[in-house]
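One-letter residues, chain by chain:
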Amino acid sequence: MEGWDPQRIVVGVDGSEQSIHATRVAASIARARSAHLLILAVVRPPEGWWGIVGSPPTAEALGDSLSNAQREVLDRTVEVVDLDGIDYETAEDIGEPSQRLIEACSDADLLVVGRRGAGFLRRMVVGSVATHVVHEAPCPVLIVP
Ligand SMILES: Nc1ncnc2c1ncn2[C@@H]1O[C@H](COP(=O)(O)OP(=O)(O)OP(=O)(O)O)[C@@H](O)[C@H]1O
Ligand SMILES: [Mg+2]
């Protein structure tokens, strides 16, 4: 097909209502285009950890607690968003959220994120993760207000 035919869509979730809404939008597009949807939750390692081990920790090294938190975020998202009939998968990753999202998009056709997220500091109109991915993603980005 000529032009843009989104077959692989990635959405970033952080537990916020905005990211749940972004997932609804992503799911609607995935359904309409019969596309695959990857729902990705990234957990940022605790401050200091990278300095000690020199590289991002593995899920095992980090322990189960952070991973469980992301699991809950994913479970809740999948529970409240209508994903019927959609070829979707959930995944969790550890690292800098914007970086991990960008890597997950290496062969994606669309990245969907909320304009804001779970951060409670209202420093910027657009959140830092949303801003980063707009600047660096290899695919079109949809920012959902
Ligand atoms: N850890 C994460 N894993 C996956 N997606 C994320 C993560 N953090 C944010 N996102 C995505 O980015 C969107 C915007 O969140 P962002 O973090 O940029 O804003 P914020 O939390 O309001 O501000 P900030 O984090 O800069 O204080 C979220 O709605 C979500 O779609
Ligand atoms: Mg945030």
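Section: the packing of helix α5 (residues 97-104) against helix α6 (residues 128-136)
Where α5 meets α6, the closest approach of the two axes is 9 Å, and the angle between their N-to-C directions is 40°. Relative to α6, α5 is oriented oblique. As α5 packs across α6, the resulting crossing turns out to be right-handed. Residue-level contacts link Pro97, Ser98, Gln99, Leu101 and Ile102 of α5 to Val129, His132, Val133 and Glu136 of α6. Counted by class, the contact of α5 with α6 contains five nonpolar, three polar and one charged residues.

A closer look at the site of ligand 1
The environment of ligand 1 is made up of 22 residues, and the closest members are Gly12, Val42, Arg116, Gly119 and Ser128. At a separation of 2.7 Å, a nitrogen atom of ligand 1 approaches a polar backbone atom of Val42. The protein chains hide 92% of the 610 Å² of surface that ligand 1 would expose on its own. Listed by contribution, the elements that provide at least two residues to the shell around ligand 1 are β2 (36-43), α5, β4 (110-114) and α6.

Focus: the side chain of Thr77
With respect to the helices and strands, Thr77 occurs in helix α4 (residues 64-80). Contact partners of Thr77, with chain neighbours within four places excluded, come to Val13, Ile20, Thr23 and Ile39.

Considerations on the pairing of β2
In summary, the side chains of a regular strand alternate between the two faces of the sheet. Within β2, eight of the eight residues are buried, leaving the element largely enclosed by the surrounding structure. Neither face of β2 is open: one carries His36, Leu38, Leu40 and Val42, the other Leu37, Ile39, Ala41 and Val43, and all of them are buried. Pairing of strand β1 (residues 8-12) with β2 involves five bridges; the strand directions are parallel. Paired with Arg8 across the bridge in β2 is His36. Read as a crossover between parallel neighbours, the route from β1 over helix α1 (residues 17-33) to β2 is right-handed. Where β2 lies against strand β3 (residues 87-94), eight bridges are found, and the strand directions are parallel. From the neighbouring strand, His36 faces β3, where its bridge partner is Asp87.

Regarding the nonpolar core
In terms of nonpolar packing, the biggest core is built from 20 residues, with Ile9, Val11, Leu37, Ile39, Leu83 and Val112 touching the most fellow members. At the level of secondary structure, the elements contributing two or more residues to this core comprise β1, α1, β2, α4 and β4. If one sorts the elements of this core by residue count, α1 sits on top with five residues. With sequence-adjacent residues up to four places away left out, Ile39 is seen in contact with Val11, Val13, Thr23, Leu74, Thr77, Val78, Leu83, Tyr88, Glu89, Thr90 and Ala91. Grouped together as the second largest cluster of nonpolar side chains are 14 residues, Leu38, Leu101, Val133 and Cys139 included.

Parameters and conventions
Residues numbered from 1 in each chain as written. Chains lettered and ligands numbered in written order. Predicted model: local features only at pLDDT ≥ 70, side-chain atom pairs only at ≥ 80, totals over all residues. Heavy atoms only, no water. Axes fitted to C-alpha atoms, helices over the stretch in contact; angles between N-to-C directions. Helix = DSSP H or I, 4+ residues; strand = E, 2+ residues; numbered from the N terminus. Parallel < 35°, antiparallel > 145°, perpendicular 65-115°, else oblique. Left-handed = near helix turned anticlockwise from the far one by under 90°. Contact = heavy atoms within 4.5 Å. Nonpolar A, V, L, I, M, F, W, Y, C, P; charged D, E, K, R; others polar. Near = heavy atom within 4 Å. Polar contact = N/O pair within 3.5 Å; in protein donor to acceptor, adjacent residues only side chain to side chain. Areas by Shrake-Rupley, 256 points an atom, 1.4 Å probe, with all protein chains shown as cover. Buried < 20%, exposed > 50% of the residue type's maximum accessible area, 1.4 Å probe, protein only. Pairing = 2+ DSSP bridges. Right-handed = clockwise from strand over helix to strand, strands pointing away. Core = buried A, V, L, I, M, F, W, Y, C linked by side-chain atoms within 4.5 Å.

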